[in-house]
Amino acid sequence: MSWKPPRVLTPRSILPALAVMLVLAAGAAAHANKPVPFGDRVAGPGDAEATPVNSQSVNSADLDLKVVGPALEAYHKTTGDRAWSYRREGAEALYVAMAGDNAIVVWDDGLVTSVRPGDHEVRWHRAVPGLADYLRADGEPGADKRTEAQRKQAAVQRAAAALHTVQRNGSPWLAVVTPNLTMGLRDADGDLRYNDRPSNGCLYDPLRTVHTDYAVLIPRSCTNSSGLAVSGGITGYRLDSNGWAMSTGPAAAIKVLDSSRVEITDGPIVPARVFDTKAAAPETACGALDAPFAAVRPQGGCADPSASPTADAPAVAATPAAPAAPATDQPTAPAASATDQPAAAQQ
């Protein structure tokens, strides 16, 4: 058995081990100073660090949510005291809407987040391509002449037009609409369920977009090679079934009537029509030939023509006059004048 003397560590042999140690130390320091993902910051009253989410049991119905400055803030309805605030470093909150019991926030950097108000937990984040550009309105006519207040007002208006929450039977979802893209997200986990782009030469119009408790309806306008408006349409999106599309003029307007029905007005010549987003079918007008077989009948139903009298109905025969009373020794009542006679007895 041979014996070898201990190996002497030279500076050259120490370098690899030293490099590994430096990398590990740098990684540990970076991990210790790792920023909160997406710059999220949740604070309690007085900007103190918020208590752990599992230590609170506030009902979301007991809170008022407001966008104040760059943050989303929650206030107790009973006292008016601030419960918590949620902000993101380098971003500004523009608009908030409820999807079931959760709050959906649109940020000026194109991020959409979901927060559970009861325990102020940030549930998920989703970046929407093109949303930040749409909110800033860069390059649009007159954008360079707007004041800072006007730019902020326009961004808030566009954020409200871009976000649509659908309260579908306990499984809410949301759609984010920009001129070149629309995305549908499941609120439960922020999962992307669909994304769609308009056809060539067409753009979605977020400012005309509406939603019901079942679907989001997005109008689109199209132009020809000369830039002239040539056509349009409306696309309906749902999460529980296939959507639909209908052709319209370039400036069709949509008005929400109730939780499922909308009225579509397509210019002064075409009559307004009602569409039921729950049945995914148009409402058939009264008097139409296919009304008895329609999938969706008008709200309240159609009146039965046989239930109302018509001009051709025979006149009701007048009640015959009573026979003259026989002569008796009772005093005779004075005769009534023509004006005192009932209208039905006048000839």
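Once a new chain begins, its residue numbering starts again from 1 and follows that chain's sequence as written. In keeping with the model being predicted, local features are shown solely for residues with a pLDDT of at least 70 and side-chain atom pairs are shown and tallied solely at 80 or more, while totals for entire chains, interfaces and linings include all residues. For the side-chain quantities, the full set of heavy atoms in the structure was used; hydrogens and water were omitted.

Quick word on the overall build of the protein
Here is step 1: Helix numbers and strand numbers start at the N terminus; a helix is a DSSP run of H or I with at least 4 residues, a strand a run of E with at least 2. Looking only at helices and strands, the protein features three helices and 21 strands.
Here is step 2: To sort residues, take the accessible area from a 1.4 Å probe on protein chains only and compare it with the maximum for the residue type: under 20% means buried, over 50% means exposed, and anything in between is partly exposed. Taken across its 347 residues, the protein has 34% of its residues classed as buried.
Here is step 3: The criterion used for residue contact is that any of the two residues' heavy atoms lie within 4.5 Å. Summarising the internal contacts of the protein: among those between residues at least 6 apart in sequence, 40% fall at separations of at least 24.

Observations regarding the pairing of strand β8 (residues 121-127)
Here is step 1: Strand pairing is assigned whenever DSSP detects at least two bridges linking the two strands. Strand direction decides the pairing type here: strand β7 (residues 111-116) and β8, joined by six bridges, are antiparallel. Across the sheet, residue Val-115 finds its bridge partner in β8, namely Val-122.
Here is step 2: The hairpin turn running from β7 into β8, its antiparallel successor, is four residues long, and His-120 in that turn takes a positive phi close to 50°.

With respect to the packing of aromatic side chains
The geometry of an aromatic ring pair comes down to the distance between the two centres and the angle between the two planes.
Here is step 1: Ring geometry is summarised as follows: Phe, Tyr and Trp rings, the Trp one being its six-membered ring, pair when their centres sit within 6.5 Å, and such pairs are stacked at plane angles under 30 degrees, edge-to-face over 60 and tilted between the two. In total, this model carries four aromatic pairs according to the counting rule given.
Here is step 2: Here the aromatic rings of Trp-173 and Tyr-194 are separated by 6.1 Å at their centres, their planes lie at 75°, and the arrangement is edge-to-face. Of this pair, Trp-173 sits in strand β10 (residues 173-178) while Tyr-194 is found in strand β12 (residues 192-196), placing the two residues 21 residues apart along the sequence.
Here is step 3: Note on Tyr-194: relative accessible area 14%, which makes it buried.
Here is step 4: Seen in terms of ring centroids, Trp-244 and Phe-275 are 4.9 Å apart; in terms of plane orientation they differ by 25°. Their pairing is stacked. Pair noted here: Trp-244 is in strand β17 (residues 244-248) and Phe-275 is in strand β20 (residues 273-276), with a separation of 31 residues, a long-range link.
Here is step 5: In this structure Trp-244 comes out as buried when scored by relative accessible area, which is 13%.
Here is step 6: Judged by its relative accessible area of 7%, Phe-275 is buried.
Here is step 7: Among the aromatic residues, those joined into a ring-pair cluster are Trp-173, Tyr-194 and Tyr-237.
Here is step 8: Against the face of Tyr-75 rests Lys-66, its NZ or CZ located 5.4 Å from the ring centre.
Here is step 9: In this analysis the charged atom, NZ for Lys or CZ for Arg, is taken to sit over a ring once it is within 6 Å of the ring centre and within 35 degrees of the ring normal. Sitting over the face of the ring of Trp-107, Arg-88 holds its NZ or CZ atom 5.1 Å from the ring centroid.

So, the pattern of salt bridges
Here is step 1: Salt bridges are defined as contacts in which a side-chain nitrogen from Lys or Arg sits within 4 Å of a carboxyl oxygen from Asp or Glu. Counted according to the given criterion, the structure contains 18 salt bridges.
Here is step 2: Between Arg-116 and Glu-121 there is a salt bridge, with the nearest N and O atoms lying 2.2 Å from each other.
Here is step 3: In this structure, the salt-bridge partner of Asp-187 is Arg-123, at a minimum N-O distance of 3.2 Å. In this pair, Asp-187 is assigned in the loop between β11 (181-186) and β12 and Arg-123 in strand β8, connecting sequence segments 64 residues apart.
Here is step 4: A residue is classified by how much of its surface remains accessible, and Asp-187, at 3% relative accessible area, is buried.
Here is step 5: Residue class for Arg-123 comes out partly exposed when judged on its relative accessible area of 23%.
Here is step 6: What you see here is one network of salt bridges that share partners, running through Arg-186, Asp-189, Asp-191 and Arg-193.

Side note on the nonpolar core
Here is step 1: As used here, the term nonpolar core means buried Ala, Val, Leu, Ile, Met, Phe, Trp, Tyr and Cys residues forming a set that is joined through side-chain atoms within 4.5 Å. Residues Ile-104, Val-112, Leu-131, Leu-135, Leu-163, Leu-174 and Val-176 are the most contacted members of the largest nonpolar core, which totals 21 residues.
Here is step 2: Listing elements by their share of this core, those giving two or more residues are β5 (93-99), β6 (102-107), α2 (131-136), α3 (148-162), β10 and β11.
Here is step 3: No other element matches α3, which puts four residues into this core.
Here is step 4: In this view, Leu-174 contacts Ile-104, Val-112, Trp-124, Leu-163, His-164, Thr-165, Met-183, Gly-184, Leu-185 and Asp-187; residues no more than four positions away in its chain are not counted.
Here is step 5: Counting 15 residues, the second-largest nonpolar core is a separate cluster that includes Leu-72, Val-96, Leu-111 and Val-115.

Some details on the sheet that holds β8
Think of a sheet as strands paired side by side through backbone hydrogen bonds, with each pair either parallel or antiparallel.
Here is step 1: If you trace the four strands from one edge of the open sheet to the other, you get β5-β6-β7-β8, paired in antiparallel fashion. Strands at the two margins of the open sheet, each flanked by one partner only, are β5 and β8. Averaged over neighbouring strand pairs, the angle between their axes works out to 25° when direction is ignored.
Here is step 2: Two strands pair when backbone bridges link them, and β6 and β7 are joined in this way by four bridges, in the antiparallel orientation. Note that in β7 the partner of Val-105 across the bridge is Thr-113.
Here is step 3: Where α3 meets the sheet, its contacts fall on β5 and β6, and the angle it forms with β5 comes to roughly 20°. Angular values range over 0 to 180 degrees, each being the angle between N-to-C directions of two axes fitted as lines to C-alpha atoms, with helices fitted over their stretch in contact.

Things to note about the state of the cysteines
Here is step 1: Cysteine sulfur atoms are paired as a disulfide whenever they come within 2.5 Å of each other. Following the criterion strictly, the structure yields one disulfide and no others.
Here is step 2: Each sulfur of the disulfide joining Cys-202 and Cys-222 lies 1.9 Å from the other. Measuring handedness by torsion sign, the sulfur bridge of Cys-202 and Cys-222 sits at about 105° and is right-handed. On the criterion of sequence distance, the pair formed by Cys-202 in strand β13 (residues 202-204) and Cys-222 in strand β15 (residues 216-223) is long-range, its members being 20 residues apart. Taken individually, Cys-202 and Cys-222 each receive the classification buried, so the pair is uniform in this respect.

Topic: the pairing of strand β3 (residues 71-76)
Here is step 1: Sheet topology note: the strand β2 (residues 63-68)/β3 ladder contains six bridges and is antiparallel. Note on β3: the bridge partner recorded for Val-68 is Ala-71.
Here is step 2: The hairpin turn running from β2 into β3, its antiparallel successor, is two residues long, and Gly-69 in that turn takes a positive phi close to 65°.
Here is step 3: Of the pairings in the sheet, the one linking β3 to strand β4 (residues 82-88) comprises four bridges and is antiparallel in character.

Keep in mind these numbers describe shape, not what the thing actually does.
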